[in-house]
Amino acid sequence: MQAHIDKTADFVRQQLAQAEAGHDWWHILRVWNQVKLLLQQEQADRLVCELAALLHDIADSKFHDGDETIGPRIAGEFLTSIRVEPRVVAHVQQIITNLSYKTNLGAVSFHSRELEIVQDADRLDAIGAIGIARAFHYGGFKNRALYNPAILPNPDQGKEAYKNSTAPTINHFYEKLLLLKDKMNTPTAKRIAEERHRFMEQYLEQFYKEWGTTAP
């Protein structure tokens with residue numbers, strides 16, 4: 001089992017060496033480490049969780065013209081090449097397919113304890129201090145405005161609207177980041193999310209104070 005995890009870590013580290021900094025090897029490493037911490041309190045298949053954590057962003061659709069099939073396909077091909085059990089490969093692919101926030105804005109037919117844990121770990125990396133840094137880095141990568149008081153957040157948008165949004169980065173807090181605390185699956189993740197959520201609220205308070213405006 002450990003050999004499969006080690007080989008997968010090496011593969012992902014090489015594949016994401018030049019990736020956008022919010023979705024690079026360091027993001028993967030943080031999610032992987034968070035999964036291992038969650039598994040100290042939550043019961044699930046360790047191999048499935050760790051492989052899915054390592055491969056969940058191997059080909060994020062937003063960097064591949066919106067193609068949501070390429071990530072699961074690359075993950076499946078790699079895991080099969082190192083002779084991971086087909087049952088495990090299929091489970092990992094299902095987790096990658098159903099993990100993202102935008103996917104969960106639509107209909108999701110797959111569910112497992114392992115998906116819950118990897119999803120929690122990924123969502124925890126999207127909030128708090130690192131989550132803020134990642135949000136603004138991606139906004140800069142896409143040349144988006146920091147904030148525009150005339151463009152109000154839309155927290156109730158569907159999958160396609162969310163996927164195609166070009167709104168300022170501050171809107172992303174209301175359209176995703178501040179919503180994640182209440183979407184955590186496991187008791188352990190819920191506890192961790194509380195502190196990170198409060199930090200984001202404090203950050204926004206300071207942001208609006210410096211901007212000289214009030215929250216939307």
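Note: the structure precedes this text.
Each chain has its residues counted from 1, following the order in which its sequence is written. Only residues with pLDDT of at least 70 get local features here, since the model is predicted, and only at 80 or more are side-chain atom pairs given and counted; chain-wide, interface and lining totals rely on the full set of residues. To get the side-chain values, take all heavy atoms of the structure and skip hydrogens and water.

Q: Is there a simple way to explain the overall build of the protein chain in this structure?
A: Under the scheme used here, helices are H or I runs from DSSP no shorter than 4 residues and strands are E runs no shorter than 2 residues, and both carry numbers assigned from the N terminus. When helices and strands are counted, the protein chain shows 10 helices and zero strands. When its C-alpha atoms are laid out on the principal axes, the protein chain stretches across 60 × 35 × 30 Å. Of all 216 residues assigned to the protein chain, the portion counted as buried reaches 49%. Any two residues whose heavy atoms approach within 4.5 Å at even a single point are treated as in contact. A separation of at least 24 residues holds for 67% of the contacts in the protein chain among residues at least 6 apart in sequence. Carbon and sulfur atoms form 50% of the exposed surface of the protein chain, whose accessible area is close to 10900 Å². Counting rule applied: Lys, Arg positive; Asp, Glu negative; His and chain ends not counted. To locate a charge, take NZ of a lysine, CZ of an arginine, CG of an aspartate or CD of a glutamate. On the protein chain, the mean spot of the 25 positive side-chain charges and the mean spot of the 28 negative ones are 1 Å from each other. Burial classification: accessible surface area is computed with a 1.4 Å probe over protein chains only, and a residue below 20% of its type maximum counts as buried, one above 50% as exposed, and the rest as partly exposed. Using a 1.4 Å probe, the Shrake-Rupley method yields the accessible areas, and only the shown protein chains count as cover for residues.

Q: Got a minute to help me understand the packing of helix α2 (residues 25-38) against helix α3 (residues 46-55) in this structure?
A: When two helices pack together, their arrangement is given by the angle between the helix axes and the distance between those axes. Running from N to C, α2 and α3 cross one another at 160°; their axes reach a closest spacing of 8 Å. When the interaxial angle is binned, α2 and α3 end up roughly antiparallel. In this structure, α2 crosses over α3, and the sense of that crossing is right-handed. Two secondary-structure elements touch here, α2 through Trp-25, Ile-28, Val-31, Trp-32, Val-35 and Lys-36 and α3 through Cys-49, Glu-50, Ala-53 and Leu-54. Each residue is assigned to one of three groups, with Ala, Val, Leu, Ile, Met, Phe, Trp, Tyr, Cys and Pro labelled nonpolar, Asp, Glu, Lys and Arg labelled charged, and all others, Gly among them, labelled polar. Residue composition of the contact of α2 with α3, by class: eight nonpolar, no polar and two charged. Each axis is a line fitted through C-alpha atoms, taken for helices only over the stretch in contact, and angles between the N-to-C directions span 0 to 180 degrees. Any angle that is under 35 degrees is reported as roughly parallel, and any over 145 degrees as roughly antiparallel; angles of 65 to 115 degrees are reported as roughly perpendicular and all others as oblique. Crossings are assigned a handedness: left-handed for a near helix turned anticlockwise from the far helix by less than a right angle, right-handed for a clockwise turn.

Q: Is there a simple way to think about the environment of Arg-134 in this case?
A: By the element assignment, Arg-134 lies in helix α7 (residues 128-141). Taking relative accessible area as the criterion, Arg-134 reaches 13% and is therefore assigned buried. Taking the C-alpha atoms as reference, Arg-134 lies 18 Å from Ala-53; in sequence the two are 81 residues apart. For Arg-134, the contacting residues outside a window of four places in its chain are Gly-22, His-23, His-27, Arg-30, Asp-125 and Ala-126.

Q: What is the right way to look at the pattern of salt bridges in this model?
A: Two side chains that carry opposite charge are able to pair once their charged atoms sit near each other. For salt bridges, the criterion is a side-chain nitrogen of Lys or Arg within 4 Å of an Asp or Glu carboxyl oxygen. Taken as a whole, this structure holds 10 salt bridges when the rule is applied. Of the charged contacts in the structure, one is a salt bridge between Glu-77 and Arg-73, with a shortest N-O distance of 3.4 Å. Remark: Arg-73 and Glu-77 occur in helix α4 (residues 70-81); sequence separation between them is four residues, near one turn of the helix. Residue Glu-77 is classed as partly exposed on the basis of its relative accessible area, which comes to 47%.

Q: I tried to follow the packing of aromatic side chains on my own but got confused; where do I start?
A: The relation between two aromatic rings is expressed through the spacing of the ring centres and the mutual angle of the planes. Stacked, edge-to-face and tilted labels apply to pairs of Phe, Tyr and Trp rings (six-membered ring for Trp) whose centres lie within 6.5 Å, assigned for plane angles under 30 degrees, over 60, and everything in between, in that order. Enumeration over the complete set of coordinates arrives at 13 aromatic pairs. Centre to centre, the rings of Phe-173 and Tyr-203 are 6.1 Å apart; their planes meet at 15°, and the pair counts as stacked. One end of the pair, Phe-173, is in helix α9 (residues 169-175); the other, Tyr-203, is in helix α10 (residues 187-211), with 30 residues separating them in the sequence. Chaining the aromatic ring pairs together yields one cluster made of Phe-136, Tyr-147, Phe-173, Tyr-203, Phe-207, Tyr-208 and Trp-211. Just above the ring of Trp-25 sits the side chain of Arg-13; from NZ or CZ to the centre is 4.6 Å. Cation placement over rings: the criterion is NZ of Lys or CZ of Arg within 6 Å of the ring centroid and within 35° of the ring normal. Lys-36 extends its terminal NZ or CZ atom over the ring of Trp-32, reaching a point 4.0 Å from the ring centre.

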